[in-house]
Amino acid sequence: MKKTYKIEVDCANCANKMESAAARVSGVETVTVNFMTQKMIVSFRENEDPAAVMKEVVKACKKVESDCEIYL
Amino acid sequence: MTRKQRKTLIRILLSALLLGGLLLIPEDSLGRVPMFLLYLVPYGIIGYDILKKAFRGILNRQVFDENFLMAVATLGALAIGLLKTGDFVEAVAVMWFYQIGELFQSYAVGKSRKNISALMDIRPDTARLLTADGPEETDPEQVPVGSIILVNPGEKVPIDGIVEEGESSLNTSALTGESIPRDVKPGDEIISGCVNMSGVLRIRTTKEFGESTVSKILELVENASSLKSRSENFISRFARYYTPAVVIGALALAVLPPAVRGLFLGVAPEWGEWIYRALTFLVISCPCALVISIPLSFFAGIGGAGKAGILVKGSVWLEKLAQAGTVVFDKTGTLTQGRFEVTAVHHSPLTDEELLEYAALAESSSSHPIAVSIRNACSRKPDLSRVSRVEEISGNGVCVMVDGKQVACGNARLMEHLGISFTDCHETGTIVHMAIDGAYAGHIVISDREKPESREAIAELKATGIRRTVMLTGDRDAVARQVADRLGLDQVYSDLLPEDKVSLLEELLKSRNPKEVLVFVGDGINDAPVLTRADLGIAMGAMGSDAAIEAADIVLMDDNPLKIPKAIRIARKCMRIVRQNIVFALAVKAVCLILGALGIANMWIAVFADVGVMILAVLNAIRALFIRRL
């Protein structure tokens, strides 16, 4: 399943950092952070609850880039 | 400006005022400790978030980032001031300049981001569905296929369809980067995402919103794969080792020389001086200019290309495109228009127009592509009442009576069958011979026209340094060679079946220089496997095929081959900027690091070097956005 979230991030490198952090979260199949459109597109692994996975994603992203915002 | 930026600006102004005020206090009028406490106020205002981030970084085991460097350097400078020199201005000023740099960077990036996303803003919000009670605004997703929608001037076409009523010009620049408007009339196909400029259009939708061009493109833009270029990976790897390395270097600089001086040389160790040099070293070494400007350059390059109707699916493709050495083209639909047209009329005693009219009348009942192209070439609509006794000679042509004259229209075999001597044609293409009342009346040449820009595109490719241009086609050898000669291609492979193209491409891949990238350009009609197999696949005319959009790495929104050299030039410019930034930033840093270690550069120079290099690198990176003159 694929979901798109609005995000707020200041720099292209921070977006890259978020992307690699989110990709390491288990339950995330693939993730793309689009700096231009300020969006995060997450495709979840099967049988995963997106809400629970996204909680982890937010945590992981905040770790690498405390300024970022993900609007769930 | 965003709220965050405004807040930073206020903090910058406020701390500058406070700092200015503090500088007015005469030295020695207060003790060192009260001065320290006073300076802590502007320092706190300007730097609290950096300190917080550095602290959080330590907690999250992401220690070595620019926040950490800045925090350590400024706190260290404050400590030296408190213990030895009594100078606190430097610490506050370093933080201040750093924040100015950050603000500038975030503002510049935000601005260019908005510029790009505004141009790519093709998402229609509503559709005017025509119902029994008149037009009604609805969500485009709710509109079923086959409904009638209204599009007023100034509105975006929300869904692909066919014009039922109304004439207008369309602005397609958001989709194709092409500024010349396209005229549409009833019966024309219309793609979503264009802006209606002049008249009201009634459109019968042929697709659902989710399947429409505009949705496909948005999906592509938003979902651009996260494949990172080598340069970006280099920078993130570089930063991973670089920052710890400079921290260790700074530590060594702070500890070793004074220890050696004190223990072995028997001179004053000068701990304060060496710690200060180490802190300067830290400020200089901040890798912001690199980590910020490199991804930004790619982002700007991709954005700039998007403005020109060239969609790049990831920075790695931009990097690869810049190294293109061989470009392989599919012929039909890429270099040629993929539409059959009458290109010549030969050896006819009648005027071209008359002959075409006879041909059109003879072929008036056929739906064969050749018949259609003949009818399209004839300016008058065939009057069917003039035609009688249609006799089709399967696979060879047709014999009819037109105005009481016996007209035969078909290939060479038909002429032989009728026993009429004919003149063969030296041109390539499909030849339709005509005979009227048993006498030869010349022939019509029908061929797939080359795109008017193809020749120039090949020439431009060569001018940009592409060494080999190759054309693949399923056409007959003679046709293929003629086209290749006219366009100036280096090599041509003809008589290929779709599956041959893949194996041929494999061979080309083996024979090319491994440092160079092989680019394949196709229109996506049965060449999706080749697009995937090539080092870099470019699909033309994104309106064409969904499979091509999936398979390709770069998608050209329109089908103008001139966009290929343009894309290469954009990619090269972007890579040039990336290299400039890497070399420039590293060179300035290296010089400053040495000067700092030798004690020549103080912290002021350090922060100017850091912020200055960053601002220049960011400005340089944004240059990748400007592609108009490429």
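Treat the numbers as computed from the prediction; the structure is a model and nothing was measured. (Residues numbered from 1 in each chain as written. Chains lettered and ligands numbered in written order. Predicted model: local features only at pLDDT ≥ 70, side-chain atom pairs only at ≥ 80, totals over all residues.)

Caption draft 1: Examining the overall build of chain A more closely. Secondary structure summary: chain A contains two helices and four strands in total. The order of helices and strands in chain A, counted from the N terminus, is β-α-β-β-α-β. At 11 Å, chain A has a C-alpha radius of gyration in line with the 11 Å of a compact globule built from 72 residues. Principal-axis analysis of the C-alpha atoms gives chain A an extent of 35 × 20 × 20 Å. A sequence separation of at least 24 residues applies to 63% of the contacts in chain A between residues at least 6 apart. (Helix = DSSP H or I, 4+ residues; strand = E, 2+ residues; numbered from the N terminus. Rg over C-alpha atoms; globule rule 2.2 N^0.38 Å. Contact = placed C-beta atoms within 7 Å.)

Caption draft 2: Representation of the packing of helix 1 (residues 3–24) of chain B against helix 2 (residues 32–59) of chain B. All names here are of chain B. Running from amino to carboxyl end, helix 1 crosses helix 2 at an angle of 165°, the nearest separation of the two axes being 8 Å. Relative to helix 2, the element helix 1 lies roughly antiparallel. The handedness of the crossing between helix 1 and helix 2 is left-handed. Together, Arg 11, Ile 12, Leu 14, Ser 15, Leu 18, Leu 19 and Leu 22 of helix 1 and Leu 38, Tyr 39, Val 41, Pro 42, Ile 45 and Ile 46 of helix 2 make up the contact between the two elements. (Axes fitted to C-alpha atoms, helices over the stretch in contact; angles between N-to-C directions. Parallel < 35°, antiparallel > 145°, perpendicular 65-115°, else oblique. Left-handed = near helix turned anticlockwise from the far one by under 90°.)

Caption draft 3: Structural view of the sheet that holds strand 3 (residues 39–44) of chain A. All names here are of chain A. Strand order in the open sheet made by the four strands is 2-3-1-4, with antiparallel pairing throughout. Looking at strand neighbours, the two that pair on one side only are strand 2 (28–34) and strand 4 (69–71), the edges of this open sheet. Between one strand and the next, the sheet's axes are offset by a mean angle of 30°, whatever the strand orientation. Taken together, the three bridges between strand 1 (residues 2–8) and strand 4 define a ladder with antiparallel strand orientation. Looking across to strand 4, one finds that Ile 7 is bridged to Ile 70. Taken strand by strand, helix 2 (residues 50–64) contacts strand 1, strand 2, strand 3 and strand 4, and its axis lies near 130° from that of strand 3. (Pairing = 2+ DSSP bridges.)

Caption draft 4: Just the pairing of strand 3 of chain A, in detail. Residues and elements named next belong to chain A. Here strand 3 shows a clear split, with Met 40, Val 42 and Phe 44 buried on one side and none of Lys 39, Ile 41 and Ser 43 buried on the other. Bridge analysis of strand 1 against strand 3 gives five bridges, and the strand direction is antiparallel. Residue pairing in the sheet places Lys 3 in a bridge with Val 42 of strand 3. Examined bridge by bridge, strand 2 and strand 3 share six bridges and lie antiparallel to one another. Its bridge partner being in strand 3, Thr 32 is matched across the sheet by Ile 41. Count of turn residues in the strand 2/strand 3 antiparallel hairpin: four residues, of which Gln 38 carries a positive phi of about 55°. (Buried ≥ 20, exposed ≤ 12 C-beta atoms within 10 Å, placed from the backbone.)

Caption draft 5: Highlighting the confidence of the model for chain B. For chain B, per-residue confidence averages 85 on the pLDDT scale, and 96% of positions sit at 70 or higher. Across the assembled chains, the prediction reports ipTM 0.79 with pTM 0.79. (pLDDT = per-residue confidence, 0-100.)

Caption draft 6: Seen up close, the domain arrangement of chain B. If you check the domain split of chain B, you get domain 1 (1–121), domain 2 (127–211) and domain 3 (338–450). The C-alpha centroid of domain 3 of chain B is placed 82 Å from the C-alpha centroid of domain 1 of chain B. (Domains from an automatic or database assignment.)

Caption draft 7: Examining the interface of chain A and chain B more closely. Facing the 16 residues of chain A at the interface are 24 residues of chain B. Of all the elements in the fold, those that place two or more residues in the side of chain A that touches chain B are helix 1 (12–23), strand 2, strand 3 and helix 2 of chain A. If one sorts the elements of the side of chain A that touches chain B by residue count, helix 1 of chain A sits on top with four residues.

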